[in-house]
Amino acid sequence: MTYTLLARCPKSGQVGIGIATYSICVGLYCNGLRGNTGATMSQAFVNQGNNPLALRLLALGYSPEHILDELKVNDPNHAFRQIAVIDRLGRVAAYSGAKNRGWAGHVVGDGYVAMGNVLSGKPVIDAMAVAYESSVELSFERRLLAAIEAGRDAGGQAGNDGHLPERSAAVMVYGDYDHAELDLRVDLHDKAVDELRRAFEEYELYRGYYRERARNPKDAVPQYAFAQTLAKAQGAAR
């Protein structure tokens, strides 16, 4: 009961995941990213061993198609999974097992995969793909957010009794470093996608400050002072 946009940015080479689900703590399972290596995601009936194995194989230079085949061979329950793999060049392989529940499927585009299960229908992943492709003027992070917002607006998830709300969501991006360039998650909230957007917009105001503080700690402005300055500027803009 999850929908996801997994992508490699053609401009920056960054890899990222935007994901939303009725399940809680989805950020725990979004660990399929590595800078200068690629991206992978295993969802539906999650096998947490898939992501680290796929990343190791990507680092060794295997193709996404080969890695997908290896993951299937390694997992007797692969028919219950949805899996996507993208390498550092943007080559993509994806799979939606026959035993996924509800409406389940994926679409593959240029350097990205939109996929989901227990959805209201195919329009959800189609809307995600359109949102991602039509937002090239935005930053990579904003394109990922736009995709999951579009999936929500297109109907999102549906169970036997109707619509299922998004209770957790995450957006993560890796680039040239071993550490994440963005790692935001909402583990439990009645409107997790809205809350993820709120957290992202707030963090964007601090991102430059945190980078400068790391580069120049000796002259760093205290965080409370920066917050006060930010609050004054926001008040003056109203």
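Since the model is a prediction, treat every value here as computed from it, not as a measurement. Sequence order sets the numbering: in each chain, residues are counted from 1 along the sequence as written. Totals for whole chains, interfaces and linings use every residue, but because this is a predicted model, local features are given only for residues with pLDDT of at least 70 and side-chain atom pairs only at 80 or more, for both listing and counting. Only heavy atoms go into the side-chain values, all of them from the structure, while hydrogens and water stay out.

1. A few points about the pattern of salt bridges
A side chain with one charge may pair with a side chain of the opposite charge, provided their charged atoms come close. Criterion for a salt bridge: a side-chain nitrogen of Lys or Arg within 4 Å of a carboxyl oxygen of Asp or Glu. Enumeration according to the criterion identifies 14 salt bridges in this entry. The salt bridge partner of Arg197 is Glu149, with a shortest N-O separation of 2.8 Å. One end of the pair, Arg197, is in helix α5 (residues 192-215); the other, Glu149, is in helix α4 (residues 140-153), and 48 residues separate them in sequence. We classify Glu149 as buried; its relative accessible area is 16%. Each of Arg142, Glu149, Arg197 and Glu201 takes part in salt bridges that share partners, so that together they form one network. A run of DSSP states H or I qualifies as a helix once it reaches four residues; a run of E qualifies as a strand once it reaches two. Both are numbered from the N-terminal end. Burial classes follow relative accessibility: with a 1.4 Å probe on protein chains only, a residue under 20% of its type's maximum area counts as buried, one over 50% as exposed, and anything between as partly exposed.

2. Focus: the packing of α4 against α5
In this analysis an axis means a line fitted to C-alpha atoms, helices contributing only their contacting stretch, and an angle means the value between N-to-C directions, from 0 to 180 degrees. In the contact formed by α4 and α5, the axes pass within 10 Å of each other and the chain directions differ by 165°. What the angle tells us is that α4 and α5 run roughly antiparallel. Note that α4 runs across α5; the crossing there is left-handed. For the pair formed by α4 and α5, the contact residues are Glu141, Arg142, Leu145, Ala146, Ile148, Glu149 and Arg152 on the first element and Val193, Asp194, Leu196, Arg197, Phe200, Glu201, Glu204 and Arg207 on the second. Following the grouping adopted for this structure description, the nonpolar residues are Ala, Val, Leu, Ile, Met, Phe, Trp, Tyr, Cys and Pro, the charged ones are Asp, Glu, Lys and Arg, and the polar ones are all others, Gly among them. Looking at side-chain class alone, the contact of α4 with α5 contains six nonpolar, no polar and nine charged residues. By definition in this entry, angles of less than 35 degrees are roughly parallel, angles greater than 145 are roughly antiparallel, angles of 65 to 115 are roughly perpendicular, and the rest are oblique. Take the far helix as your reference; a near helix turned counterclockwise from it by less than a right angle gives a left-handed crossing, and one turned clockwise gives a right-handed crossing. Any pair of residues with heavy atoms lying within 4.5 Å of one another is described as a contacting pair.

3. Details of the state of the cysteines
Any two cysteine sulfur atoms lying within 2.5 Å of each other are counted as a disulfide. Across all of its chains, the model carries zero disulfides by this definition. Its sulfur unpaired, Cys9 is 19 Å from the next cysteine sulfur, which belongs to Cys30. On the accessibility criterion, Cys9 (6% relative accessible area) is buried.

4. Some points on the layout of surface pockets
Only protein atoms enter the 1 Å grid used here, on which a cavity is any set of points holding a 1.4 Å probe that cannot leave and a pocket is any open set flanked by protein within 12 Å on both sides along at least five of seven lines; residues with an atom within 4 Å of a point are listed as lining. Grid points are joined across faces, edges and corners, and a volume is the space filled by probe spheres set on the points. Space inside the largest pocket adds up to approximately 200 Å³. Lining the largest pocket, in full, are Met1, Ala44, Phe45, Arg101, Asn117, Val118, Ala158, Gly159 and Asn160. At the level of elements, β8 (112-119) and β9 (157-159) are the ones that each hand at least two residues to the lining of the largest pocket.

5. Concerning the sheet that holds strand β4 (residues 38-44)
Pairing is antiparallel in the open sheet, where four strands are placed in the order β3-β4-β5-β6. The open sheet has two edge strands with one neighbour each: β3 (33-34) and β6 (92-96). In short, DSSP must find at least two bridges between two strands for them to pair. Sheet topology places β4 next to strand β5 (residues 81-87); seven bridges connect them, and they run antiparallel. The partner of Gly38 across the bridge, within β5, is Asp87. Packing against the sheet, helix α1 (residues 50-59) makes contact with β3, β4 and β5, and its axis sits at approximately 155° to β4. Taken strand by strand, helix α2 (residues 64-74) contacts β5 and β6, and its axis lies near 30° from that of β6.

6. Describing the packing of aromatic side chains
When two rings of Phe, Tyr or Trp (its six-membered ring) have centres within 6.5 Å they constitute a pair, described as stacked for plane angles under 30 degrees, edge-to-face for angles over 60, and tilted for the intermediate range. Taken as a whole and assessed by the stated rule, the structure comprises six aromatic pairs. Pairing Tyr206 with Tyr210 gives two aromatic rings, centres 5.8 Å apart and planes at 25°, and the pair type is stacked. Placement of the pair is Tyr206 and Tyr210 together in helix α5, with a separation of four residues, close to one helical turn. Using a relative accessible area of 14% as the deciding quantity, one classes Tyr206 as buried. What makes Tyr210 partly exposed here is its relative accessible area of 29%. Pairing Tyr206 with Phe226 gives two aromatic rings, centres 5.3 Å apart and planes at 65°, and the pair type is edge-to-face. Placement of the pair is Tyr206 in helix α5 and Phe226 in helix α6 (residues 223-237), with a sequence separation of 20 residues.

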